[in-house]
Each structure stands twice: as C-alpha cells, then as structure tokens.
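# Fold and contact review
For reference, the chains in residue letters:
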Amino acid sequence: MKTSRIVVILAVATMFLACVRNKNANSVQNQTQNQSAFNMIKVSEVIQGGNYTYISAKENGADKWIAVSKQEVNPGEVLYYYDALPMENFHSKEIDKTFDVIYFVNNISKNPQSSGNATMANPHAGTVPPHNGKVEASDAEVEISKADGELKIADVFANKADYSSKEFEIRGSVVKVNEQVMGKNWVHIQDGTGTDGKFDLTITTQADVKVGDVVTFKGKLTLEKDFGAGYFYDVIMEDGSLIEKEGTQI
C-alpha cells in the first residue's frame, strides 16, 4: 500500500513539473514573439516638415528613412515602431527632398509595448498623420450655404452605397490637406452637415488646393478602403477630379 502511494505521488509530481516547464516554455516563446513584433531604430538625423517628422535612422545596421506625424524627436534616441508603409521615389514638397524609399509609420515610442497601441500615422492622417480618415473634431468645423437640392456631405454618408456605383459632384470647404502622400494629395472637405463623426469627406486627387478653398470635386466613393499599415477609411473618394474652385470652373 505504501509503495502504491509513493508511485502516485511521484506521478503527480512529474505531471506538475511538466506543466511548469510547458508554461515557462510558452512564456519564453510569447516574450520572443512580442519582442520580434516591433522594430527598433536609433535616430541619426531629424528633419521637421509642416505635417511630418522625417527621421534618418539605423535599423539592424542599415540606414533607413522614416516619416511619422510631426512630433519631437532627437538624434541619438532609440525608438520603436510596428507597422510601416514603404513608399518608393517619394518626393516631399514640404522639405523639397526625394527619398528612394521612405517608411510611413503610425506611431513611434520610446517604449516597445506602447508603440503598438496606436492605429497609424497616416502618410495622410493629418496626423499623417494617423489615419482613420477623420479630422480630429467632434463636429463640423465649417458651414457653407447650399442651394435647394444640392448634394450635402451628410447625404453622401447616409447613402454611401449608392454613391459608390455612380459619379457625383460634391462641394465643400477644405479643412485639411496632406500633399503627395502615396503620390496623391489627401483633401478633407466639410459643408457643415453630418453628425457622429460623419461630416468630413476625404478625397484623393492630383489637384492643388489649400485650406479655406471652397471646391467642387467629382468622382465615386470607395467603401471600406484599407491602404494597409493602419490607413483605413469607411468612405473615401479616390482620384477625385476638381471641377470648380471658389466659383471658377477648372
């Protein structure tokens, strides 16, 4: 009887130790995976633009240019990031420099854990600045008069499926512009209509406009557009044509 009890105790102890080893092994594996999920850079040079901070850095011994929404960064700092969107032969108008390759990053951090918590710096996101496709405001920032029957931004959001299948014209006031991101200008317009964050329409275009311009664009909507690296839009007009600016036909 005593021998049987000893055998049972030994078997239980063996199982317990095996579980501990497996748990420790899984913990080490998870830590390794977490550590490999982020990228680490050491800053060599910093160029501040109007919307972006351009960072020349070393990553795994290689030189690399990174762009992130404008913020304070200092040479010599060690920083971390997760997602990046590479752009080849990218010309930045704001600093008048062409990059063979530059990586647009959503978020950088001195802490490898917190660098993965953001959603991305948009090469647009005004924060591209990060981008979920919205201007950071709780309500429309401008209001313009529209004729009876003239299409409103609120109508576009309310009937987005209809406007994804046919061309339409929309007039609004420019509240933000991010120039030459992924080879396009990213224009945000508003007209004072819309609620619950659905009052700002993003348009990609080759046209040159500036904040405060009252413009009319023509195009179709793209729904649930994911550009990768955190650039996601529920609604966006891609490759919009500028047909009027401040009452002047284009």
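Keep in mind that what you see is a predicted model, and the values were worked out from it rather than measured.

The rules behind the values
Residues numbered from 1 in each chain as written. Predicted model: local features only at pLDDT ≥ 70, side-chain atom pairs only at ≥ 80, totals over all residues. Heavy atoms only, no water. Helix = DSSP H or I, 4+ residues; strand = E, 2+ residues; numbered from the N terminus. Buried < 20%, exposed > 50% of the residue type's maximum accessible area, 1.4 Å probe, protein only. Contact = heavy atoms within 4.5 Å. Areas by Shrake-Rupley, 256 points an atom, 1.4 Å probe, with all protein chains shown as cover. Salt bridge = Lys/Arg side-chain N within 4 Å of Asp/Glu carboxyl O. Core = buried A, V, L, I, M, F, W, Y, C linked by side-chain atoms within 4.5 Å. pLDDT = per-residue confidence, 0-100. Polar contact = N/O pair within 3.5 Å; in protein donor to acceptor, adjacent residues only side chain to side chain. Pairing = 2+ DSSP bridges. Axes fitted to C-alpha atoms, helices over the stretch in contact; angles between N-to-C directions.

A count of helices and strands for the chain gives 3 helices and 14 strands. Within the chain, the proportion of its 250 residues that are buried is 41%. For the chain, restricting intrachain contacts to residue pairs at least 6 apart in sequence, the fraction spanning at least 24 positions comes to 58%. Carbon and sulfur atoms make up 48% of the accessible area of the chain, which totals about 13,600 Å².

Per the stated rule, a full pass over the model turns up 10 salt bridges. Residues glutamate 59 and lysine 64 are paired through a salt bridge, measuring 3.1 Å at the closest nitrogen-oxygen approach. Judged on exposure class, the residue glutamate 59 and its partner lysine 64 are both buried. A salt bridge links lysine 210 to aspartate 213; the shortest N-O distance between them is 3.2 Å. Judged by its relative accessible area of 54%, lysine 210 is exposed. Residue aspartate 213 is classed as buried on the basis of its relative accessible area, which comes to 4%.

The next thing to look at is the nonpolar core. Grouped together as the largest cluster of nonpolar side chains are 21 residues, with contacts concentrated most on Phe168, Ile170, Ile189, Leu201, Val209, Phe217 and Leu221. For this core, the secondary-structure elements that each account for two or more residues are helix H2 (153-158), strand S7 (168-181), strand S8 (184-190), strand S9 (201-205), strand S10 (214-219) and strand S12 (231-237). Ranked by residue count, the leading element in this core is S7, at 4 residues. Discounting chain neighbours no more than four positions away, the residues touching leucine 201 are Ile153, Ile170, Val187, His188, Ile189, Leu221 and Val235.

Once that is clear, we can look at the confidence of the model for the chain. The predicted structure's coordinates, where accompanied by low pLDDT, should not be read in detail. Per-residue confidence for the chain averages 77 on the pLDDT scale, and 73% of its residues sit at or above 70. Put simply, helix H1 (residues 2-36) is where the chain has its lowest mean pLDDT, 41, and S10 is where it has its highest, 96. Across residues 1-36, confidence stays below pLDDT 50; counting only partners more than four residues off in sequence or on other chains, it has 1 contact. Scored below 50 in pLDDT, residues 117-134 shows 82 contacts in the model against residues more than four places distant or in partner chains.

Inspection of the secondary structure puts glutamine 48 in strand S1 (residues 39-48). Taking the C-alpha atoms as reference points, glutamine 48 and lysine 70, separated by 22 residues in sequence, lie 7.1 Å from one another. There is a polar contact of 2.9 Å between the side chain of glutamine 48 and the backbone oxygen of glutamine 71.

If you walk across this open sheet you meet the 6 strands as S4-S1-S2-S3-S6-S5, and the pairing is mixed. Each edge of the open sheet is held by one strand with a lone partner, namely strand S4 (78-81) and strand S5 (84-92). Put simply, the sheet's adjacent strands are angled 45 degrees from each other on average, direction ignored. Where strand S3 (residues 62-69) and strand S6 (residues 97-105) come together, 2 bridges link them in parallel fashion. Directly across from isoleucine 66, in S6, lies its bridge partner tyrosine 103.

Another point: the side chain of threonine 53. Here threonine 53 lies in strand S2 (residues 52-59). Within polar-contact distance, the side chain of threonine 53 engages the side chain of glutamine 48 at 2.6 Å. One polar contact links the side chain of threonine 53 to the main-chain amide nitrogen of glutamine 71, over a distance of 2.9 Å. The contact partners of threonine 53, leaving out residues within four places of it in the chain, are Val46, Ile47, Gln48, Ile66, Ala67, Val68, Ser69, Lys70, Gln71 and Val73.

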